[in-house]
Amino acid sequence: MNMLREEAMPRRPGKVLSIASHANPRIKSIRALAQVKQRRESGLFVAEGLKLVSDALQQNWPVRMFIHRADAIDQPAIAAAAARSRARGADILAVSGEILAKITRRENPQTVVGVIEQRLIAAEAIKPRADSVWIALERIKDPGNLGTIIRTADAVGTGGIILIGPSVDPFSVEAVRATMGSIFHVPIARLGDEHFQRLREGWSGAVVGTHLSSRIDYRAAEYREPVLLVMGNEQSGLSEALANACDQLVRIPIAGEADSLNLAVATAVMLYEIRRNHISL
Ligand code: SAM
């Protein structure tokens, strides 16, 4: 099931433009997408690299602009992705390497960048399949952690991710980069605390939280499907309210002196245990 997939809508082909100046208003508006406020207002985000833009096209995410280094259009894969984007209404912008470096804030930028419409799923779209696992993240703050969790969620095959409370933007450049394209494959919802508690009340499977003071080894827990895995904030861990909302709390043992695991690492360990019987080489 892919909740993000929609049929491609017939659209008028986009424009083909050659832009030479950093000061061009379009370039300025693309660069402004580095700011969360601009992403929120425009509903757009930037994805870097042909792989990510191709993933977006393949999953039918609306690509609004396809920006490429002018000389790279001779490469067949880039020309094909540009043509596909244009046919779906994206404007095609040929720019210099310097402008791409400005847009991506990187010395060695990718040759392709996409400006894409954001997609989150509504709470009503969270309909867990009987054998699925969903991940709830409480107030996650680090974009690299979120991107890594989205990538891992894609790898193990999860139903989706629920961001609880104020959290980092999944469409920030750093988060999108860290997903390596999985942002286009994993449904993501944002829920306030109360909304999450309502979802939790109706959850038919096990709601399992992770907590450093639990006495239950994560390998000994019962993961009745569909599983809702609840992970805490990087600094403060799981709040009391969310810990109380879980059916059980589990801990990953630590042999050395580290206080805890990194959030993305702990999520990966949990997911591979929960999905143990669902995935194989
Ligand atoms: N100082 C925080 C605390 O006391 O909970 C540490 C938070 S930890 C860096 C972030 C999250 O990763 C935790 O809330 C939990 O969800 C998960 N986590 C990290 N190490 C874990 C472990 N050993 N067992 C279970 N969960 C862990």
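The preceding data block contains the structure.
Each chain has its residues counted from 1, following the order in which its sequence is written. The predicted nature of this model means local features are confined to residues of pLDDT at least 70 and side-chain atom pairs, given and counted, to a pLDDT of 80 or more, with totals for whole chains, interfaces and linings taken over all residues. Excluding hydrogens and water, the side-chain values take into account all heavy atoms of the structure.

J.: Mind showing me how you'd approach the pattern of salt bridges here?
T.: Opposite charge on two side chains allows them to pair when their charged atoms are near. By convention in these notes, a salt bridge is any Lys or Arg side-chain nitrogen within 4 Å of a carboxyl oxygen on Asp or Glu. Applying the stated rule across the entire model yields 13 salt bridges. Across the pair glutamate 48 and arginine 177 runs a salt bridge, and its minimum N-O distance is 2.8 Å. Here glutamate 48 is found in strand β2 (residues 44-48), whereas its partner arginine 177 is found in helix α7 (residues 173-179), with 129 residues between them in sequence. Type-normalised accessible area, obtained with a 1.4 Å probe on protein chains alone, sets the label of each residue: buried when under 20%, exposed when over 50%, and partly exposed for intermediate values. A residue is classified by how much of its surface remains accessible, and glutamate 48, at 9% relative accessible area, is buried. For arginine 177, a relative accessible area of 27% corresponds to the partly exposed category. Through salt bridges with shared partners, a single ionic network connects Glu138, Arg139 and Asp193. Strands are runs of DSSP state E lasting at least two residues, helices are runs of H or I lasting at least four, and both sets are numbered from the N terminus onward.

J.: Please explain the nonpolar core as it appears in this structure.
T.: A general trend in soluble globular proteins is that nonpolar side chains are found buried together. The nonpolar core is taken to be a set of buried Ala, Val, Leu, Ile, Met, Phe, Trp, Tyr and Cys residues, with the residues joined through side-chain atoms within 4.5 Å. Among the nonpolar cores identified, the biggest contains 51 residues, and Leu137, Ile161, Phe184, Tyr223 and Met270 are the most heavily contacted of them. Ranked by residue count, the leading element in this core is helix α10 (residues 263-274), at 6 residues. Look past the residues within four positions of leucine 137 in its chain and what remains in contact with it is Leu146, Ile149, Ile161, Ile162, Leu163, Ile164 and Met231. Core analysis: the next-biggest nonpolar cluster, separate from the first, contains 19 residues, Ala123, Ala136, Val207 and Leu238 among them. Whether two residues are in contact is decided by their heavy atoms, any of which lying within 4.5 Å being enough.

J.: What is the right way to look at the pairing of strand β4 (residues 91-95) in this model?
T.: Regular strands show a simple pattern: their side chains alternate between the two faces of the sheet. For β4, the tally of buried residues reaches 5 of 5 residues, placing the bulk of the element in the interior. Direction of pairing for strand β1 (residues 16-18) relative to β4: parallel, over a ladder of 3 bridges. Its bridge partner lying in β4, serine 18 is registered against alanine 94. In the sheet, strand β3 (residues 63-69) pairs with β4 via 5 bridges, with the strands oriented parallel. Bridge pairing links phenylalanine 66 to isoleucine 92 in β4. When DSSP finds two or more bridges between two strands, those strands count as paired.

J.: Whenever I open this one, the sheet that holds β1 confuses me. Can you help?
T.: Within a sheet, each strand pairs with its neighbour through backbone hydrogen bonds, oriented either parallel or antiparallel. Spatially, 5 strands are ordered β1-β4-β3-β5-β2 in an open sheet, and the strand pairing comes out mixed. The outermost strands of the open sheet, each flanked by one partner alone, are β1 and β2. Each strand axis lies, on average, 20° off the axis of its neighbour in the sheet, ignoring direction. For every element, the axis is a line fit to its C-alpha atoms; helices are fit only across the contacting stretch, and the angle between N-to-C directions ranges from 0 to 180 degrees. Lying over the sheet, helix α4 (residues 76-87) contacts β1, β3, β4 and β5 (112-117), oriented at roughly 155° with respect to β3.

J.: Help me out: how do you make sense of the packing of helix α6 (residues 143-156) against α10 in this one?
T.: If you want to describe how two helices pack, look at the angle between their axes and the distance between the axes. Contact pair α6 / α10: the axes reach a minimum separation of 9 Å and the direction vectors enclose 15°. It follows that α6 is roughly parallel to α10 by the angle criterion. The element α6 and its partner α10 pack so that their crossing is right-handed. Between α6 and α10, the residues in contact are Asn145, Thr148, Ile149, Thr152, Ala153, Ala155 and Val156 and Leu263, Ala264, Thr267, Ala268, Leu271 and Tyr272, respectively. Working rule for angles: under 35 degrees goes down as roughly parallel, over 145 as roughly antiparallel, 65 to 115 as roughly perpendicular, anything else as oblique. What makes a crossing left-handed is the near helix being turned counterclockwise from the far one by less than a right angle; a clockwise turn instead makes it right-handed.

J.: Looking at this model, I keep getting lost on the side chain of threonine 152. Mind explaining?
T.: Summarising the element assignment, threonine 152 is placed in helix α6. According to the relative accessible area criterion, threonine 152 is buried, its value standing at 13%. Polar contact is the term for a pair of N or O atoms within 3.5 Å; when the atoms are in protein, one must be able to donate a hydrogen and the other to accept it, and sequence-neighboring residues count only if both atoms are side-chain atoms. Here threonine 148 takes part through its backbone oxygen, which lies 2.8 Å from a polar atom of the side chain of threonine 152. Those residues within four positions of threonine 152 in sequence are excluded, and the remaining contacts are Ala268, Leu271 and Tyr272.

J.: Even after reading the chapter, I still don't get a nonpolar patch on the surface, so can you show me in this structure?
T.: On the surface, Ile254, Leu261 and Val265 cluster together to form a nonpolar patch covering roughly 210 Å² of accessible area. If you trace the backbone, valine 265 turns up in helix α10. Of the residues examined, valine 265 reaches a relative accessible area of 41% and is grouped as partly exposed. To count toward a patch, a residue needs a relative accessible area above 30% and no salt bridge. Like charges then connect within 9 Å, nonpolar side chains (Val, Leu, Ile, Met, Phe, Trp, Tyr) within 5 Å. A 1.4 Å probe and the Shrake-Rupley method give the accessible areas. Residues count as covered only by the protein chains that appear here.

J.: Quick question: what am I supposed to make of the environment of isoleucine 126 here?
T.: With respect to the helices and strands, the residue isoleucine 126 is situated in the loop between β5 and β6 (133-138). With a relative accessible area of 7%, isoleucine 126 lands in the buried category. Expressed as a C-alpha distance, the spacing of isoleucine 126 and proline 187, which sit 61 residues apart in the sequence, is 9.0 Å.

J.: Please explain the sheet that holds strand β10 (residues 227-231) as it appears in this structure.
T.: Here 6 strands make up an open sheet; going across it, the order is β8-β7-β6-β10-β9-β11 and the pairing parallel. Looking along the sheet, the strands with just one partner apiece sit at the ends: β8 (188-191) and β11 (248-250). On average, each strand axis in the sheet is tilted by 25° relative to the strand beside it, whichever way the strands run. With 5 bridges joining them, β6 and strand β7 (residues 160-164) adopt parallel strand pairing.

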